[in-house]
Amino acid sequence: MAKQQIILLYGGRSAERKVSVLSAESVMRAIDYDKFFVKTYFITQAGDFIKTQEFSRKPADNEKLMTNDSIVESQKIKPSDIYEEGAVVFPVLHGPMGEDGSIQGFLEVLKMPYVGCNILSSSVAMDKITTKRVLASAGIPQVPYVAVIEGENIDEKIAEVEANLTYPVFTKPSNMGSSVGISKSENQDELRSAFELAFKYDSRVLIEQGVNAREIEVGLLGNEEAQSSLPGEVVKDVAFYDYEAKYIDNKITMSIPAKLSDDVISTMRQHAEKAFRAIGGVGLARCDFFYTDKGEIFLNELNTMPGFTQWSMYPLLWENMGISYTDLIEKLVLLAQETFIKHEEHLL
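Rules and cut-offs
Residues numbered from 1 in each chain as written. Predicted model: local features only at pLDDT ≥ 70, side-chain atom pairs only at ≥ 80, totals over all residues. Heavy atoms only, no water. Helix = DSSP H or I, 4+ residues; strand = E, 2+ residues; numbered from the N terminus. Rg over C-alpha atoms; globule rule 2.2 N^0.38 Å. Buried < 20%, exposed > 50% of the residue type's maximum accessible area, 1.4 Å probe, protein only. Contact = heavy atoms within 4.5 Å. Areas by Shrake-Rupley, 256 points an atom, 1.4 Å probe, with all protein chains shown as cover. Lys, Arg positive; Asp, Glu negative; His and termini not counted. Charge placed at Lys NZ, Arg CZ, Asp CG, Glu CD. Salt bridge = Lys/Arg side-chain N within 4 Å of Asp/Glu carboxyl O. Pairing = 2+ DSSP bridges. Axes fitted to C-alpha atoms, helices over the stretch in contact; angles between N-to-C directions. Parallel < 35°, antiparallel > 145°, perpendicular 65-115°, else oblique. Nonpolar A, V, L, I, M, F, W, Y, C, P; charged D, E, K, R; others polar.

Observations concerning the overall build of the protein
Consideration 1: Regarding its fold elements, the protein presents 10 helices and 15 strands.
Consideration 2: Scaling as 2.2 N^0.38, a compact globule of 348 residues should have a C-alpha radius of gyration of about 20 Å, and the protein matches this with 20 Å.
Consideration 3: Each principal axis of the C-alpha distribution contributes one length, and for the protein these read about 65 × 50 × 45 Å.
Consideration 4: With 348 residues in all, the protein has 53% of them scored as buried.
Consideration 5: Nonlocal contacts in the protein, meaning residues at least 24 apart in sequence, comprise 68% of its contacts between residues at least 6 apart.
Consideration 6: Put simply, the protein shows about 15,300 Å² of open surface, and 49% of that area lies on carbon and sulfur atoms.
Consideration 7: A gap of 2 Å separates the mean positions of the 35 positive and 51 negative side-chain charges of the protein.

This is the structure we're talking about:
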């Protein structure tokens, strides 16, 4: 029996490209090579596609994928050259130009099945401001916020923040993930500096009310009948769970399942499933919550291609539910094929 071919896309143009490499290397080692054959393609910071390794068996522990520091220009290809009839693409890409509907649209033009959310749900979930507005229409509780669009009067927006929120506040680029460009501000001077940082990454910025809360995450897996996992908790050794703490210093641990009451767990899982349906999600997502010291539950954001390293929350949540990392990858490939078939049937 011929092996199913998987095309692993990684790297990308966003500031989260280093996370993508870590995730892709974890996936390439976890895949069941009795069932799958893997081709890998690196998307450079400049947006070029480079053909990299192929794997018919599990790679050695010291095998590394290409990065921006080790590009082989002679292996550059046209983006459309990734096409293989019958192959399924696993776009292990985080952030803009990877998780925002861009690559999903490209793959649909190529007529290739791919793991994860479709164009619409990817783009909605990538933009934090749009996500909040969609989830508000579904009645899902969220922390108070102020949206700022580049070109608006900053002094007026700061006045709006100070009239409606209280310090500390968190400033976030609307279209970034993995804590890139996020700042905590305790006063107006820090808030002005936070604007400068956030606007380096996006022209739309979100300012959220800081809350004293535990950070709880729920995994979602499936298509129309997506299931939620039991929640896990991020336990921090640092005051602010930033990019360095998450991926470089690894100054976090995880409590899975999270120590919560049955009622709170049930509410979070219901909110997560409802939010996934509200954005039209398919395949996978990770839903992040705040659980405050007052017992409030706020949905913080949806990640449609969550970190996929061996120490990432999403695979660990499903491992706790009895689905191994290797089996999770296979399940995602099957869901991608199911979504592709249905999408093709709708093109009457």
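After presenting the structure, the write-up continues.
Considerations on the pattern of salt bridges
Consideration 1: Inspection of every chain in the model, using the stated rule, returns 20 salt bridges.
Consideration 2: In this structure, Lys128 and Glu301 form a salt bridge, with 3.9 Å as the shortest nitrogen-oxygen distance. In this pair, Lys128 is assigned in helix H4 (residues 128-137) and Glu301 in strand E15 (residues 297-303), connecting sequence segments 173 residues apart.
Consideration 3: A salt bridge links Glu233 to Arg214, with the nearest nitrogen and oxygen atoms 2.8 Å apart.

Regarding unusual backbone geometry
Consideration 1: Residues Tyr167 and Pro168 are joined by a peptide bond in cis, for which omega reads 5°.
Consideration 2: Position of Pro168 among the secondary structure elements: in the loop between helix H5 (154-164) and strand E7 (169-173).
Consideration 3: In this structure, Pro257 follows Ile256 across a cis peptide bond, with omega equal to 0°.
Consideration 4: Summarising the element assignment, Pro257 is placed in the loop between strand E13 (252-255) and helix H8 (262-278).
Consideration 5: Even without glycine at this site, Lys111 takes up a positive phi of about 65°.
Consideration 6: Here Lys111 shows up in the loop between helix H2 (102-110) and helix H3 (119-126).

So, the sheet that holds strand E6 (residues 145-149)
Consideration 1: Here four strands make up an open sheet; going across it, the order is E6-E9-E7-E8 and the pairing antiparallel. Both outer strands of the open sheet, E6 and strand E8 (183-185), are each paired with one neighbouring strand and no more. Averaged over all neighbouring strand pairs, the angle between strand axes comes to 25°, with direction disregarded.
Consideration 2: Relative to E8, E7 runs antiparallel, the two being bridged by three bridges. Paired with Val169 across the bridge in E8 is Ser185.
Consideration 3: Against the sheet, H5 makes contact with E6, E7 and strand E9 (204-209), and its axis sits at roughly 175° relative to E6, the strand it touches most.
Consideration 4: Along the sheet, helix H6 (residues 188-198) contacts E6, E7, E8 and E9; its crossing angle with E7, the most-contacted strand, is approximately 15°.

Points about the packing of helix H1 (residues 17-30) against helix H10 (residues 325-346)
Consideration 1: As a packed pair, H1 and H10 sit with axes 9 Å apart at the nearest point and diverge in direction by 95°. Classified by the angle their axes make, H1 and H10 are roughly perpendicular. Residues Ser23, Ser26, Val27 and Ala30 of H1 form the contact with H10, whose own contacting residues are Tyr325, Thr326 and Ile329.
Consideration 2: Classifying every residue of the contact of H1 with H10 by side-chain character gives four nonpolar, three polar and no charged.

Topic: the environment of Val88
Consideration 1: One can find Val88 in strand E5 (residues 88-91).
Consideration 2: Take Val88: its relative accessible area is 1%, and that puts it in the buried class.
Consideration 3: Residues Val88 and Gly181, spaced 93 residues apart in sequence, show a C-alpha to C-alpha distance of 32 Å.
Consideration 4: Residues within four places of Val88 in sequence aside, it is in contact with Gln4, Gln5, Ile6, Ile7, Pro113, Tyr114, Val115, Val333, Ala336 and Gln337.

Focus: the environment of Val218
Consideration 1: Its location among the elements puts Val218 in strand E10 (residues 213-222).
Consideration 2: Val218 gets classed as buried once you look at its relative accessible area, which sits at 0%.
Consideration 3: Taking the C-alpha atoms as reference points, Val218 and Pro141, 77 residues apart in sequence, are found 16 Å from one another.
Consideration 4: Apart from the residues within four sequence positions on either side, Val218 is in contact with Ser228, Ser229, Pro231, Met268, Ala272, Ala285, Arg286, Cys287, Phe289 and Leu317.

Observations concerning the side chain of Glu301
Consideration 1: Judged by its relative accessible area of 16%, Glu301 falls in the buried class.
Consideration 2: Those residues within four positions of Glu301 in sequence are excluded, and the remaining contacts are Lys128, Arg286, Cys287 and Asp288.

Some words on the sheet that holds E5
Consideration 1: On the basis of which strands lie adjacent, the open sheet formed by five strands has the order E4-E3-E2-E1-E5 and mixed pairing. Bordering the open sheet on either side are strand E4 (76-77) and E5, each of which pairs with just one other strand.

Here we look at the pairing of strand E3 (residues 49-55)
Consideration 1: The sheet contact formed by strand E2 (residues 36-43) and E3 spans five bridges and is antiparallel. Counted as the bridge partner of Val38 is Phe55 from E3.
Consideration 2: Linking two consecutive strands that pair antiparallel, namely E2 and E3, is a turn of five residues; a positive phi of about 95° is found at Gly47 within it.
Consideration 3: Bridging between E3 and E4 involves two bridges; their strand directions are antiparallel. Across the sheet, residue Ile50 finds its bridge partner in E4, namely Lys76.

What is shown is where atoms sit, not what they do.
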